[in-house]
Amino acid sequence: LVVLGCSAAPETEFERTLRIAKTGDAVAQYNLGLMYYDGTGVPQDHVEAVKWFRMAAEQGNADAQNILGVMYSSGTGVPQDHVEAYAWWSVAAAGGDADAAKYRDIVKESLSGSQLAQGQRRATELFEKHGSK
């Protein structure tokens, strides 16, 4: 007599990425953020995307730092904040992200002197805590 076990359905790409992201893997966290951002394999949720991008960014993932800049600049999933966008783009640019450097320089033109100083202080704080890898 052979008893057939009930096998679970194969893990989806989203489930696999979520499982790895929960272990603290910054690349998986970034990829999970993209899935939520685009709605790939999961309903689109920009707030949840920010959560995962931030986790990756705080581990020095320059791609996640760049996209946080984009999200703060446009107000996608977070309140629009050009100073915060400038700061995240500065950190990503320090890690070699050329797009982040361009975006930072563009948003810089719209900041007042005091906002720029605030953005530079925030960028220094972020870089010292999270750097870029």
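Here is what the cut-offs are and how they apply
- In this numbering scheme, every chain counts its residues from 1 along its sequence in written order.
- Given that this is a predicted model, residues contribute local features only at a pLDDT of at least 70 and side-chain atom pairs are listed and counted only at 80 or more, while totals for whole chains, interfaces and linings are drawn from all residues.
- Calculation of side-chain values draws on the structure's entire complement of heavy atoms; hydrogens and water are dropped beforehand.
- Under the scheme used here, helices are H or I runs from DSSP no shorter than 4 residues and strands are E runs no shorter than 2 residues, and both carry numbers assigned from the N terminus.
- Based on C-alpha atoms, the radius of gyration is set beside the globule rule, defined as 2.2 Å times the residue count to the power 0.38.
- Partly exposed residues are those whose accessible area sits between 20% and 50% of the maximum for their type, while under 20% is buried and over 50% is exposed, using a 1.4 Å probe and protein chains only.
- Two residues qualify as a contact provided that any one of their heavy atoms is within 4.5 Å of a heavy atom in the partner residue.
- Note on areas: Shrake-Rupley with a 1.4 Å probe; residue coverage comes only from the protein chains shown.
- In this count, Lys and Arg are taken as positive residues and Asp and Glu as negative ones, while His and the chain termini are left out.
- For charged residues, the charge sits on one atom: NZ in Lys, CZ in Arg, CG in Asp, CD in Glu.
- Each Phe, Tyr or Trp ring (for Trp, its six-membered ring) is paired with any other whose centre lies within 6.5 Å, and the angle between the two planes then decides the class: stacked below 30 degrees, edge-to-face above 60, tilted in between.

Chemist: Which parts of the structure should I look at to understand the overall build of the chain?
Modeler: Each helix and strand counted, the chain has 7 helices and 0 strands in total. When its helices and strands are written in sequence order, the chain yields α-α-α-α-α-α-α. For the chain, the C-alpha radius of gyration of 18 Å lies well beyond 14 Å, the compact-globule estimate for 133 residues. On the principal axes, the C-alpha backbone points of the chain span a range of 80 × 25 × 20 Å. Relative to its 133 residues, the chain shows a buried fraction of 42%. Taking as baseline every contact in the chain between residues at least 6 positions apart, the subset at least 24 positions apart corresponds to 51%. As displayed, the chain offers around 7400 Å² of accessible surface, 53% of which is attributable to carbon and sulfur atoms. With 12 positive and 17 negative side-chain charges, the chain shows a separation of 4 Å between the mean positions of the two kinds.

Chemist: When you look at the packing of aromatic side chains in this model, what are you seeing that I'm missing?
Modeler: Given two aromatic rings, their pairing is described by the distance between the two centres and the angle made by the two planes. Under the defined criterion, the tally for this structure stands at 4 aromatic pairs. Centroid distance Tyr-30 to Phe-53: 5.7 Å. Interplanar angle 45°. Geometry classified as tilted. In this pair, Tyr-30 sits in helix α2 (residues 26-38) while Phe-53 sits in helix α3 (residues 46-57), placing the two residues 23 residues apart along the sequence. On the basis of relative accessible area, Phe-53 is assigned to the buried category, the value being 0%. Here the aromatic cluster, defined as three or more aromatic residues joined through ring pairs, consists of Tyr-30, Tyr-37 and Phe-53.

Shape is all these values report; function is a separate question.
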